[in-house]
Structure formats: structure tokens, C-alpha cells
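# Coordinates in review
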Amino acid sequence: MKRVVVTGLGAITPLGNTVETFWNNILAGKSGAGIITKFDASKFKTRFACEVKGFNGEDFIDKKEIKKYDQFTQYAIVASDQAIADANLDFSAMSEQERYQVGVIWGSGNGGIITFEEQLRDYHGGDGTPRFNPYFIPKMIVDIAAGVVSIRHKLHGPNYCTVSACASSNTAIISALDTIRLGRAKIMIAGGSEAAITGSAVGGFSSAQALSKQNEDPESASKPFDKNRDGFVMGEGAGALVLEELDHALARGARIYAELIGGGMAADAYHLTGTPPDGLGAMLGIQNALTDGGLTPDQVSYVNAHATSTPLGDIGELVGIKRVFDQQNITVTATKSMTGHLLGAAGAVESIISILSIRDNVIPPTINTAELDERIPEGIDVVLGQPLKKQIDVVVNNTFGFGGHTATSIFSRYQ
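One structure accompanies this document, and this report is about it. (Residues numbered from 1 in each chain as written. Predicted model: local features only at pLDDT ≥ 70, side-chain atom pairs only at ≥ 80, totals over all residues. Heavy atoms only, no water.)

## Looking at the packing of aromatic side chains
- Evaluated as defined, the whole model comprises eight aromatic pairs.
- Ring centres of Phe205 and Phe232 lie 5.4 Å apart, and the angle between their planes is 75°; on these two criteria the pair is classed as edge-to-face. In this pair, Phe205 sits in helix α9 (residues 199-207) while Phe232 sits in the loop between α9 and β7 (237-245), placing the two residues 27 residues apart along the sequence. Considered together, Phe205 and Phe232 belong to a single accessibility category, that of buried residues.
- Each ring, one from Phe205 and one from Phe402, has its centre 5.9 Å from the other, and the planes form 55°; the classification is tilted. Linking Phe205 in helix α9 with Phe402 in the loop between β14 (394-401) and β15 (405-412), this pair joins segments that are 197 residues apart in sequence.
- Of the residues examined, Phe205 reaches a relative accessible area of 14% and is grouped as buried. (Phe/Tyr/Trp six-rings, centres within 6.5 Å; stacked < 30°, edge-to-face > 60°. Helix = DSSP H or I, 4+ residues; strand = E, 2+ residues; numbered from the N terminus. Buried < 20%, exposed > 50% of the residue type's maximum accessible area, 1.4 Å probe, protein only.)

Written out as C-alpha cells, the structure is:
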């Protein structure tokens, strides 16, 4: 079976708009949360989120072009450009035949929801005359980010989007892994983006009782595994990976961050939005990924948990993790305590964290967690407060989405 390695990374996040800035802030245990500035949230039950700061799409995208792109697509463009540059790839120097072997798979849960809101607000706020922007549909549809990245770089390989709610970008990464293994591409740009800090998204998640209401102290609101957690903190941004067939990467002398050694997907088939208390979905995703990678549980250095800071979801996931690792102790961390929950982009951004933890032999901390929930199974060791320096060889990265979707990717040190 063909081996697949990571040769490029790109990130737009609430903690920085370059990979190294983001990573340094993760290791420093910083929170990206603050009062919402994207819209007037003063009447909402939740009035804070983890917004991307200091991003101006016009710094990277032509002014004539940018009007065609929703914010989630702008994030996708910039994160992908970063990853391509980081991988030292120059697609303009490639022949058309070579670009037949380069594809894009991109995930998002909500797509162009900013555009959707703006257009409907203008329509319903007017006299009923349909005056829709000609770019309304291509700005809104979820697949457009993958299409735009391929058009921008003239990439003719497999091109599509994955939509599995908060598992979307991890699903994209696993799909890209399989695409290369099957010989359908040599290089894949994979990841996801989300720009859903809008009235309808925040209002909808709030009505579903999913969001924290800790408005008085947003920076400490995301507290995975804490007995006083009250919901997740919404985030936004993008993460991009360049995945490459190993032989191709070696032939061009590429720098290799890590190997994407396995991926597992499953469904917990339980509830529209809830996590099963027996952790079945989490267990199956991890087991499937381990089997795919030819690994055993004792080879895993730590689990980067989905852990959004919801009362039921966090414990359900840990129960599933415990079912896989059984009698052995396993180290777990929850980086959404810092980034917030980037929804469809979460899996890609957390993949970057997993990869860099292998590079630097460090496990990022879970911040804000002051008193661990007494229901946490024995043998689960949560990294709290400060990074943990240790040899990191294999990282399990969990993501789950509304509808019962489970996607688990596993990164390993390249041997």
C-alpha cells in the first residue's frame, strides 16, 4: 500500500494567521475567545466566540476576485496558499500532465452562511423584488472552496467537498489519504474552513443548548472535562495540509513533517446532536483508524480529543477512548479549550496540532479545566495547564459531527 506523508501546512485561526504563530500560542496556553465583533450579539444568550483576528482577504486575493468569495472560501484560499508554499511546490512550473495528479478535497459544515444571511436579509428587508447578487449561489455552496483552490492553481486531480458537520475536514483528510493510496493522485490539498460566527449560526447553536453562556469571562469558557463546563465556544478559521505519496515527496526532496498512517470513519447511529454515553462512535472511529494504520493501542502517544466542552459529549468520548485502550493508561488533551470549536474546520486545525506535536515532542495543554469531572474513566490522563514534553510518535485525532459522524485520523513520526 502506498504511504502518504505531510509536506505542507497552512492555518488561519483565532490564535494566529500563520502556522508558527498559531502553534506558539497553543503552547503558551492562550485563549482565542472574546466578545463577538462580527455582528451585534448584545441580545443573544451567548455573546462571545473565537474569531479570527487581523485577517484581510484583500491582502492575498485580487480585489476584483474577492467579491466572488464568501469568508469561508477566503480562509480556504489563504490557508491552502500557505500550505503549498510551505511544501515548496510551484504548480506553475509543472506540466499539465503532472497537474492531472494533484487534487483538492475540502471540508466545511456551513459553507457560505455569511452570504446566505446577507442575501436573505436584503431580500426580506426590501419590497420583495428579487435583487440577488449574481455570485450568491457560487459564494454560498459548500463545494466552492475546493473548486476555487483548484482553479487558482490549475489542479486537475480529484476535486470535491466533504460535509459531515464538525467531522468535515477530518473526513476530507481521510478521503485524500485514500485517494493517494488508490493511485488516483500524487498530491492532495486537504483540509477545511468555516466562517459561521453569524446571527443564525450562533442563535441556532444556542437554541440547541450547545453553547457556553459564560459571557462574563469568555477566555475561560471552554473548559473540556471540567465538572462546571456548560457548552462549547464557537470558532472560525481554516487548516490546510499538503498530502503526498511518499515516493513522490522523496523524489523531489520534500521536507516531511509526519506520516498520515491511518484513518477511520463510523457512525454512532444514536441521535441528531447527542453523543452516546457508551462512546460507541468514538470507539469505532479509533479502532478503524488503528486497523487501517496497522497499529495497536499501546503504540499511541496521546489522543487529541474532540472534547468540545459539552456536559455529555466530553464524557461519552472518554468512555469510547477507554474502551479502545482498555487496561492501559492513555494521555488525552483538548485543544478546543484554546481555539474554540472551529466546526467543519476543527479536524484540519487539530491535525496541524497533532503533526507539530510530533515534530516538537510536546503535547499541548488543556486550559481552563480546574476540577475534573468525577465521571472520567480511570486510566485517562488529561494534560492540564502546561504543555507536556515527551517523545511523541503516534497521535490519534478525533472529530465528531451532528448526525453521528465520526472521523479519526492518525499521524505518526516518519520513519
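Resuming the write-up.
## Comments concerning the environment of Ala85
- Structurally, Ala85 is set in helix α3 (residues 71-86).
- A sequence separation of 35 residues divides Ala85 from Cys50, and the C-alpha atoms of the two residues are 27 Å apart.

## Here's the deal with helix α8 (residues 168-181)
- The first and last C-alpha atoms of α8 sit 20 Å apart over 14 residues, in line with the 20 Å expected at 1.5 Å per residue.
- Across the 14 residues that make up α8, a large majority, 13, are buried.
- At the exit of α8 stands Gly183, carrying a positive phi of roughly 80°. (Expected span 1.5 Å × (residues − 1).)

## Some remarks on the sheet that holds β14
- Taken in spatial order, the eleven strands line up as β5-β4-β6-β7-β1-β8-β15-β14-β9-β10-β12 in an open sheet, and their pairing is mixed. One side of each edge strand has no neighbouring strand; the edge strands of this open sheet are β5 (159-162) and β12 (380-382). Between one strand axis and the next, the sheet turns by 25° as a mean value, whatever way the strands run.
- Bridge count between strand β9 (residues 302-304) and strand β10 (residues 330-333): two bridges; the pairing is parallel. Within the sheet, the bridge partner assigned to Asn304 lies in β10 and is Thr333. (Pairing = 2+ DSSP bridges. Axes fitted to C-alpha atoms, helices over the stretch in contact; angles between N-to-C directions.)

## What about the pairing of β10?
- Here β10 shows two buried faces, one formed by Ile330 and Val332 and the other by Thr331 and Thr333.
- Following the chain from β9 across helix α12 (residues 313-325) to the adjacent parallel β10, one finds a crossover that is right-handed.
- As defined by bridge partners, β10 adjoins β12 across three bridges and the pair is classed as parallel. Across the sheet, residue Val332 finds its bridge partner in β12, namely Val382. (Right-handed = clockwise from strand over helix to strand, strands pointing away.)

## Focus on α3
- For α3, built from 16 residues, the straight-helix expectation of 22 Å at 1.5 Å per residue is met to within 8% by its first-to-last C-alpha distance of 23 Å.
- Of all 16 residues that make up α3, twelve are buried, and the element is covered over most of its length.
- Taken as a whole, α3 has its buried residues at Gln71, Phe72, Thr73, Gln74, Tyr75, Ala76, Ile77, Val78, Ala79, Ser80, Ala83 and Ile84.
- Of the residues that open α3, the one with a side-chain oxygen 3.0 Å from the backbone nitrogen of Phe72 is Asp70.
- At the C-terminal side of α3, Asn88 shows a positive phi close to 60°. (Polar contact = N/O pair within 3.5 Å; in protein donor to acceptor, adjacent residues only side chain to side chain.)

## Brief notes about the pairing of β15
- When you tally the buried positions in β15, you get seven out of eight residues, the bulk of the element.
- When strand β8 (residues 258-267) meets β15, the two strands line up antiparallel, connected through eight bridges. Across the sheet, residue Ala267 finds its bridge partner in β15, namely His405.
- Pairing of β14 with β15, which is carried by eight bridges, proceeds in the antiparallel orientation. Each bridged residue has a counterpart across the sheet, and for Val394 the counterpart in β15 is Ser412.

## Concerning the packing of α8 against helix α14 (residues 346-360)
- Where α8 meets α14, the axes come as close as 5 Å, and the angle between the chain directions of the two elements is 65°. When the axes of α8 and α14 are compared, the pair comes out roughly perpendicular. Across the interface between the two elements, Ser169, Asn170 and Ile173 of α8 pack against Ala346, Gly347, Ala348 and Ser351 of α14.
- For the contact of α8 with α14, the class distribution of residues is three nonpolar, four polar and no charged. (Parallel < 35°, antiparallel > 145°, perpendicular 65-115°, else oblique. Contact = heavy atoms within 4.5 Å. Nonpolar A, V, L, I, M, F, W, Y, C, P; charged D, E, K, R; others polar.)

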